[in-house]
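Now for the letters of each chain:
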Amino acid sequence: MKPLFRHIQGDRSIWAIVLVLAVFSFMPVYSASTNLVYVVGNGSTLGHLIKHIVLLISGFAIIYGVHKIPYRYFSGGSVLMLPIVVLLLIFTMSQGTVIGGANASRWIRIPFVGIGFQTSTLAGLVIMVYVARYLAKNKEKPIEFKESLLQMWFPVGLVLILVLPANFSTTAIFFTMILLLSFVGGYPLKYIGYILGIGLFSLLFFILVAKAFPDAMPNRIHTWQSRLESFSSSDGAENYQVEKAKIAIATGGTFGKGPGKSVQKNFLPQSSSDFIYAIIIEEYGLIGALLAIFIYFLLLFRILITAKKANTIFGTLLVIGVGIPIVFQALINMAVAVNILPVTGQTLPLISSGGTSIWMTCFGLGMILSVSASKNETEETILDDNPLDILHETI
């Protein structure tokens, strides 16, 4: 075991937390997949579990590979990746995948593998690193609002505009996290207020355009509206999900029904992804629910410790920018399951089934571990980076 541990660098607590979440996910995913098998008619429960384990193993491979990369490469890499993710988002919108008769233009299918990939998740990771890079490079000098509009907010706005039509909740999370990162990075508070106002105005303008031209973006505004109405009323398909989740939570009690003994998994759509927290509560009770929350807050604590210990401003902002959204997404997923928030479609990181969520979460964790493992990076080596030099070194 000792030779193996020698190759694992960075915060060992984060490694342990990720391993605990991964192992903890096996039974809920295996149990909840019965809905996909017997209701949807998709595969077998063992098949879904094996697929989930394979995705987690590949996720750990991603963490290992990424955490071996000096984190200064992520700074210039975000500049190189930005036009690529913009093109991917445009391609994703144009191909307009339809699932169950509804517009689901947030996925592309990876050739030869047959796995769907949610491009907005990759875009969010890249844009957070890009914002961290900009804030770090301008930390020691006054920020001009007009200049920051072009250099930082134009790329951010472009990505958010491309994600918004297919996924409002993801756009809202990205925007909130970018504002938080900007605040932590010393971006002037009054400018953050300006950006918040511009963002809200842009959202209103988008809604008005979508209402005026419904054929251009079918189902999107109706979907948002129906989710909000279902959240406050007793009708609708979204409310059916919430009601089943409530039953699962109410019948879980203190200690739960036991592993694999959930009843509502047979009726609750998305029970292995969006609503897996409700299944965890039904099978493991209040104890399981609190344990899951504790583990995510423990991860948040270690992320903040890593950010504090980072030896560069970019390292600190990078850890906050890619780490906080993981925990924030987990809290949103839990809040939806217990009916604090309307249905958003956000998964529970490292526990829910789904390849894109697992891979991008692991990529972000690999970046965090790269920062925690680094001892030699300096502000000069990072801020003087040239993306083309990084591309040349990589090749």
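Each chain carries its own residue numbering, running from 1 in the written order of its sequence. Only residues with pLDDT of 70 or above have their local features reported here, since the model is predicted, and side-chain atom pairs are shown and tallied only from 80 upward, although totals for entire chains, interfaces and linings are computed over all residues. Here the side-chain values reflect all heavy atoms present in the structure, with hydrogen atoms and water set aside.

Engineer: What's the story with the nonpolar core in this structure? I'm lost.
Structural biologist: What tends to happen in soluble globular proteins is that the nonpolar side chains get buried as a cluster. Judged by nonpolar contacts, the single largest core of 103 residues is most densely connected at Y187, L318, L348 and L365. What counts as a helix is a DSSP run of H or I of at least four residues, what counts as a strand is a run of E of at least two, and both are numbered from the N terminus. Broken down by element, this core gets its largest block of residues, 15 residues, from helix α12 (residues 276–309). Nonpolar cores were defined as sets of buried Ala, Val, Leu, Ile, Met, Phe, Trp, Tyr and Cys residues, with membership established by side-chain atoms within 4.5 Å. In this scheme, a residue with accessible area under 20% of its type's maximum is buried, one over 50% is exposed, and one in between is partly exposed, where area comes from a 1.4 Å probe on protein chains only.

Engineer: What should I look at first to understand a nonpolar patch on the surface in this one?
Structural biologist: Taken together, the side chains of M27, Y30, L46, I50 and V54 define a hydrophobic patch exposed on the protein surface, amounting to about 420 Å² of accessible area. At the level of elements, α2 (12–32) and α4 (45–67) are the ones that each hand at least two residues to the nonpolar patch. Among the elements that make up the nonpolar patch, the one with the highest residue count is α4 (3 residues). For M27, the location among the structural elements is in helix α2. Candidate patch residues must exceed 30% relative accessible area and have no salt bridge, after which like charges are joined if within 9 Å and Val, Leu, Ile, Met, Phe, Trp or Tyr side chains if within 5 Å. All accessible-area figures derive from a Shrake-Rupley calculation using a 1.4 Å probe, and residue coverage is judged against the displayed protein chains alone. The term salt bridge refers to a pairing of a side-chain nitrogen on Lys or Arg with a carboxyl oxygen on Asp or Glu at a separation within 4 Å.

Engineer: Explanation requested: the packing of aromatic side chains in the structure shown.
Structural biologist: Any aromatic ring pair is given by two values, namely how distant the centres are and how the planes are angled relative to each other. We call Phe, Tyr and Trp rings a pair once their centres come within 6.5 Å, taking the six-membered ring for Trp, and we label the pair stacked below 30 degrees between planes, edge-to-face above 60, and tilted otherwise. Inspection of every chain in the model, using the stated rule, returns 7 aromatic pairs. Ring plane angle 20° and centroid distance 6.2 Å describe the contact between Y71 and F314, whose orientation is recorded as stacked. Highlighted residues: Y71 in the loop between α4 and α5 (72–95) and F314 in helix α13 (residues 313–337), separated in sequence by 243 residues. Judged on exposure class, the residue Y71 and its partner F314 are both buried. A centroid spacing of 6.0 Å and a plane angle of 35° characterise the contact between Y191 and Y194, whose relative ring orientation is tilted. One end of the pair, Y191, and the other, Y194, are both in helix α9 (residues 189–212), 3 residues apart, so they sit about a helical turn from each other. A residue is classified by how much of its surface remains accessible, and Y191, at 14% relative accessible area, is buried. Overall, Y194 belongs to the partly exposed group, its relative accessible area being 44%. Among the aromatic residues, those joined into a ring-pair cluster are F145, W153, Y187, Y191 and Y194. Whether a charge lies above a ring is judged from NZ of Lys or CZ of Arg, which has to be within 6 Å of the ring centre and within 35 degrees of the ring normal. Lying across the ring of Y73, R72 places its NZ or CZ 4.5 Å from the centre. It is K244 that lies over the ring of F267; its NZ or CZ is 5.2 Å from the centre.

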